Amino acid sequence: EAQQEAGEVGALPKLYAQQALLNHLVAASARGDSSAMHAHRSWVMQWCEESEAPAVKACYDAQWDESLTLWRTRLRHREISAAQATAFATFAVSPFDFAKMLAPLLSILKHPKLPAYRQKALKGLSLVVDLDPEILASANVRSVVLESMNDISKSVRAEAVLLVGKFMCQDATLTLQYYESICARCKDAGTSVRKAAMQILRDLMGKEGQEKKVLDAACVAIIPLLKDESADIQAKTSAFLKEMWFLARASHGGDGEKAALSLAARFEQVKAVVDAAHACTTTVGRDASSITDVLEGFVRDAIKSSPTNKQACHNYCQEALQAVIRESEREDPGVPGAAADLLRLFRTLALFARVQPSLIAKDMELLHQHLSSQQYGNDAGPWQPDQCQLIGTVAAIYVQVLPVMADHPAHLVKYLQEDLPKLVQFAPTMQLLSTSIECVCALVSSVGRSHRKAREMHTYLARFLRIQLSKLSDPQFTAKPRALIIAGLVCRFSGFSLAIDGKQVPAVTPETVKQLYDSCINNFVKPGKGGAYRRAGFSCLGSLFVRDPSLILREASKKVLSDALIDLKNEDIVLTALRALADFIEEDVSDTDATCLRNNVMQHYLERILACGYCAGDATASAALRLVSLIHERGQVHPQMLVADMVAVQQRSGVCAVVGFQVLKAISDKYPDYYTPEVFASGVLRGYTLLQPSAAVALEAFARSFELRLPNKKFVQRTSKHVVDLIRKGSVGPGELRSARSGRVAALRFLAAVVTALPFPDWECVAELIKLSGEAGIELGTGTMTALKMSSDAEIAAVDPAEQEAAMEEAARALILLEIRRFILANYSPRSTFPVEVSSTLTVVNLLEASSTRECYSTLKAALRLASEKAEGDGGATA
């Protein structure tokens, strides 16, 4: 009947194959194979979905509804073998539309509440992709998998990364579709996610034939892992990069043997990594190091660890120098891309020069022509940005190499003296400007070591500085801020003396430094001056503080810095003032007096610096947090003063949360007693002030900071008790939140959302929170019901508005406590596998926003009734 109604000529073989397959699965299920039952139901559901004929559907429905025991009894003697079952399954699946088959599985990946379902669905999808990797390239599967990589649950994100990683490196199409998402996972909060992403990128970079954009992105993503918080990830990343740079990592030949990569091939890899690092603006770690700084540290450690590595770096330098010579000898230097190729080579040389200048000191004469503007034929006009980048990179090399050169050729000195002032004049960025002036001072210091050249170099630097100072006193000159910055940098890098006529003469006298300081204070940094003037003034002050630390102790310095740090409406000024302090603190000092001076300065400004961590702009906040990290690392502040604020900034995104977490981790590891439940709760409440209107609560970041004290169960239980007490009493600490009822309730709702998402270690801790929140909520709610009833009773002629508002606030806090209990009971049980990942966020209705007191009364009454019913239903088990 089914065959006739379906109208299919070949329906009978298909139906027979399906029936035989189901018989086999029924028998396997009866023998204890639990997966056979699920496979049986899955086949039946799929076949039912693909058919529109009622009789066919009825046939399949019968297979589903009748007991498995009955089917096994009826078909006992017709069971097929496993091989035959595979053949029948292959036949039965041949007409399927796999997109429809995967639809139920993909829908589970969007299950909003249970991360375990989504994780298992990804494992199931992985089995399907094993059979046909091209499935990952389909639009519907790709969109769901990419969404899973951003799942709120780190276990789901890790599973999605593993799924893609199994196949991405095998297919160029899949690589292009997924590499950006895998790179992004290297910044994930979950250690397991970062580790999985790192391993995939390692395999990706080890496979030849990858596109440049893929390799560049992989380099930028993997280098920051050298400073990952996980020691295992750090070690694996370092081992991989050492293998790439120093162990002549090889590719498999056709005969299975490994053929060593040539020096030229390895140099191309090194050059690509350095170029990708320069193209990235990401910062890493608590000190917000650039990617190039991290890479520099890696190479320095590698050279120290092995003489072989040092020789490899020397070989790379020689390769780069030979490539520079080849570029210089081109008949047509204007070939498109030639300047970019040179820039990549010089950046690679600059990296090795910073690590060990002696690697290239003997060959520096080959580079002097690339510092000259005559190379580009536009000596008279402004230099183009790419030209400045190239010449600035060469200048950065000379900054490192000039001090170690035994002899300075006259023609090299001449070129530097002529072209460095032009680079200072046309440098488009602060970094290039600073590099060019540092190179000027390095030239004067290095060449001036010769008694024959000392006076000449002293005169050269004095004339250079005098030009800038004259511009500051010229009423017609309009670019005074730039001249001030240049003069300040000259003072900063000229803290040396030259031997002239048997006497040690300062390159720039202390009197000149003090005169520049007075000009800066009186004419640039005071409130009321233009923004450009004030920014230049604080930038100059930072340089002067490095040159003469006593200047920061002057009352004028304290006043202008204090005024700038509290001027939060002008964050660009705050940022510049923070950088001035950072310049002063970052300077390496070895004597006790200088250390004490910096300690005293930081104690004076610490409170204002911490307040800057709450600025609206991430750039200003991150600068403040980096400064806090630095002063903590150097022991210039008591750790206990920082903990709450480092918890609070977990609500921020990006580098702010990362820096805050790493400071918090350092404190927790060394001084765990300073990280108390009270401080954690205080930090969360401060974090509420950072919550943007459209942003979500940073539950994972707060949970990650909370995990630093695990597996200390007493800490968890004390945290639960303290949070419940805060909500019951309505305490939110000092600050603006105390002044308004709405602010207090909103902050406590925020605190409740965070505490319900914490990684509880076991059921005992969960049960404690259930008990505490339930008892406090019922007590507080029952006590306020009478006042709410009176306020909502129409017969009462007059009610004191203050008393009414107080009653509604108590009702709002009671509801928060009752909702904590309800939420925990809905997401946890004694059978849960801990720690439980909860995808949803506790959202509590704000009773202060109720339209009437009667509505507030009704809502609280319903919550109390539900809490009582639950308590009676579980027979007191939760308590």
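Everything discussed here concerns the structure shown above.
So, a few notes on the structure that sits alongside this text.

Along its length, the chain carries 38 helices and six strands. Counting the 879 residues in the chain, one finds 49% classified as buried. Long-range contacts, defined as pairs at least 24 residues apart, comprise 71% of the intrachain contacts of the chain with a sequence gap of at least 6.

For the rest of this paragraph, the subject is the packing of helix H10 (residues 154–168) against helix H12 (residues 191–205). Interaxial distance between H10 and H12 falls to 8 Å at its minimum, and their mutual angle equals 10 degrees. As judged from the angle between their axes, H10 and H12 are roughly parallel. Only Ser192, Val193, Ala196, Ala197, Ile200 and Leu204 of H12 make contact with H10, whose side of the interface consists of Lys154, Arg157, Ala158, Val161, Leu162, Gly165 and Met168. Taken together, the residues of the contact of H10 with H12 sort by class into nine nonpolar, two polar and two charged.

Take the packing of aromatic side chains next. Counted under the stated rule, the structure contains 16 aromatic pairs. Where Phe760 meets Tyr828, the ring centres are 5.9 Å apart and the plane angle is 85 degrees; that geometry is what we call edge-to-face. Pair noted here: Phe760 is in the loop between helix H35 (741–755) and helix H36 (763–792) and Tyr828 is in the loop between helix H37 (801–827) and helix H38 (853–873), with a separation of 68 residues, a long-range link. Take Phe760 and Tyr828: they sit in the same class, and that class is buried. An aromatic cluster of at least three residues, connected via ring pairs, comprises Trp245, Phe246, Phe267, Phe298, Tyr316 and Phe352. Lying over the aromatic face of Phe584, Arg598 brings its terminal NZ or CZ to 4.3 Å of the ring centre.

The next thing to look at is the side chain of His458. Structurally, the position occupied by His458 is in helix H22 (residues 454–473). Within the local environment of His458, its side chain forms a polar contact with the backbone oxygen of Pro506, the two atoms lying 3.2 Å apart. Beyond its immediate chain neighbours, meaning those up to four positions away, His458 contacts Leu498, Ile500, Val505, Pro506 and Ala507.

In this section: the nonpolar core. Counting residues in hydrophobic clusters, the biggest one holds 264 residues, and the most contacted among them are Leu125, Trp245, Leu349, Leu367, Ile397 and Leu581. Broken down by element, this core gets its largest block of residues, 12 residues, from H37. Ignoring any residue separated from it by four or fewer positions in sequence, one finds Ile397 in contact with Phe346, Leu349, Ala350, Ala353, Ile360, Met364 and Leu367. If you look at the next biggest cluster of nonpolar residues, it comprises seven residues, including Leu21, Leu22, Ala36 and Val44.

Now for the environment of Ser126. Position of Ser126 among the secondary structure elements: in helix H8 (residues 115–131). Here the alpha-carbon distance between Ser126 and Ala160, two residues 34 residues apart in the chain, equals 9.1 Å. When sequence neighbours within four positions are dropped, the list of residues in contact with Ser126 reads Leu163, Lys166 and Phe167.

This model, assessed by the stated rule, comprises 40 salt bridges. A salt bridge links Arg344 to Asp341, with the nearest nitrogen and oxygen atoms 2.3 Å apart. With a gap of three residues between them, Arg344 and Asp341 both fall in helix H18 (residues 338–355), about one helical turn apart. Given the relative accessible area of 26%, Asp341 is considered partly exposed. With a shortest N-O distance of 3.7 Å, Asp419 and Lys422 are connected by a salt bridge. Residue Asp419 and its partner Lys422 are located together in helix H20 (residues 410–426), separated by three residues, close to a single helical turn. A cluster of three or more residues bridged by salt bridges with shared partners is formed by Arg741, Arg744, Glu805, Glu809 and Arg813.

Turning our eyes to something else, we now look at the side chain of Ser230. Of note, Ser230 is situated in the loop between helix H13 (212–222) and helix H14 (231–246). Exposure remark for Ser230: the relative accessible area of 13% places this residue in the buried category. Contacts of Ser230, omitting those with residues within four sequence positions, involve Thr191 and Arg194.

This part takes up helix H29 (residues 618–633). Here H29 is 16 residues long and its end C-alpha atoms lie 22 Å apart, about the 22 Å a rise of 1.5 Å per residue gives. Within H29, 12 of the 16 residues are buried, leaving the element largely enclosed by the surrounding structure. The complete set of buried residues in H29 reads Thr620, Ala621, Ser622, Ala623, Ala624, Leu625, Leu627, Val628, Ser629, Leu630, Ile631 and His632. Contact partners of the buried residues in H29: helix H27 (571–586), helix H28 (592–612), helix H30 (643–648) and helix H31 (655–670). Remark: Gly635 follows H29 within two positions and exhibits a positive phi of approximately 70 degrees.

So, about the state of the cysteines. Counted under the stated rule, the structure contains zero disulfides. Unpaired in this structure, Cys317 has its nearest cysteine sulfur neighbour in Cys313, at a distance of 6.9 Å. Unpaired in this structure, Cys520 has its nearest cysteine sulfur neighbour in Cys540, at a distance of 4.3 Å. A relative accessible area of 0% means that Cys520 is categorised as buried.

The rules we used
- Residues numbered from 1 in each chain as written.
- Predicted model: local features only at pLDDT ≥ 70, side-chain atom pairs only at ≥ 80, totals over all residues.
- Heavy atoms only, no water.
- Helix = DSSP H or I, 4+ residues; strand = E, 2+ residues; numbered from the N terminus.
- Buried < 20%, exposed > 50% of the residue type's maximum accessible area, 1.4 Å probe, protein only.
- Contact = heavy atoms within 4.5 Å.
- Axes fitted to C-alpha atoms, helices over the stretch in contact; angles between N-to-C directions.
- Parallel < 35°, antiparallel > 145°, perpendicular 65-115°, else oblique.
- Nonpolar A, V, L, I, M, F, W, Y, C, P; charged D, E, K, R; others polar.
- Phe/Tyr/Trp six-rings, centres within 6.5 Å; stacked < 30°, edge-to-face > 60°.
- Lys NZ or Arg CZ within 6 Å of the ring centre and 35° of its normal.
- Polar contact = N/O pair within 3.5 Å; in protein donor to acceptor, adjacent residues only side chain to side chain.
- Core = buried A, V, L, I, M, F, W, Y, C linked by side-chain atoms within 4.5 Å.
- Salt bridge = Lys/Arg side-chain N within 4 Å of Asp/Glu carboxyl O.
- Expected span 1.5 Å × (residues − 1).
- Disulfide = S-S within 2.5 Å.

None of the figures reported here should be taken as evidence of function without further support.
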